[in-house]
Amino acid sequence: MAAKSPVAKLFPKIVLFGDSITQESFSEGGWGAAIADHYQRKCDVLNRGCSGYTSAFNKLILPRILQCDNSPKEV
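Residues numbered from 1 in each chain as written. Predicted model: local features only at pLDDT ≥ 70, side-chain atom pairs only at ≥ 80, totals over all residues. Heavy atoms only, no water.

Taken as a whole and judged by the stated rule, the model has 1 aromatic pair. Between the aromatic rings of Tyr53 and Phe57, the centroid separation amounts to 4.9 Å while the plane-to-plane angle is 75 degrees, which identifies the pairing as edge-to-face. (Phe/Tyr/Trp six-rings, centres within 6.5 Å; stacked < 30°, edge-to-face > 60°.)

The subject of this paragraph is a nonpolar patch on the surface. On the surface, a nonpolar cluster with roughly 310 Å² of combined accessible area is contributed by Tyr53, Phe57 and Leu60. Tracing the backbone through its elements, the reader meets Phe57 in helix H3 (residues 55-69). Exposure remark for Phe57: the relative accessible area of 38% places this residue in the partly exposed category. (Patch = residues over 30% accessible without salt bridge, like charges linked within 9 Å, V, L, I, M, F, W, Y side chains within 5 Å. Areas by Shrake-Rupley, 256 points an atom, 1.4 Å probe, with all protein chains shown as cover. Salt bridge = Lys/Arg side-chain N within 4 Å of Asp/Glu carboxyl O. Helix = DSSP H or I, 4+ residues; strand = E, 2+ residues; numbered from the N terminus. Buried < 20%, exposed > 50% of the residue type's maximum accessible area, 1.4 Å probe, protein only.)

Inspection of the secondary structure assignment puts Asn58 in helix H3. Classification of Asn58 as buried rests on a relative accessible area of 9%. If sequence neighbours within four positions are ignored, Asn58 has contacts with Phe17, Gly18, Cys50 and Tyr53. (Contact = heavy atoms within 4.5 Å.)

Given below as structure tokens:
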């Protein structure tokens, strides 16, 4: 098994999670892009917006999203 990359542990993560408003937050002038710009070189900002998903469905998928985003991948 390969060792985890030290670069993956370098930056904390901010996960943007929600509906279509979150999904579109990285559009030109979007609030997600503003957050990523503000925290550049300090945090990784991840967009996990899911257009059309209900709160009930998001509640089911949130644990899987957080688990995947906390498992660094090899570069």
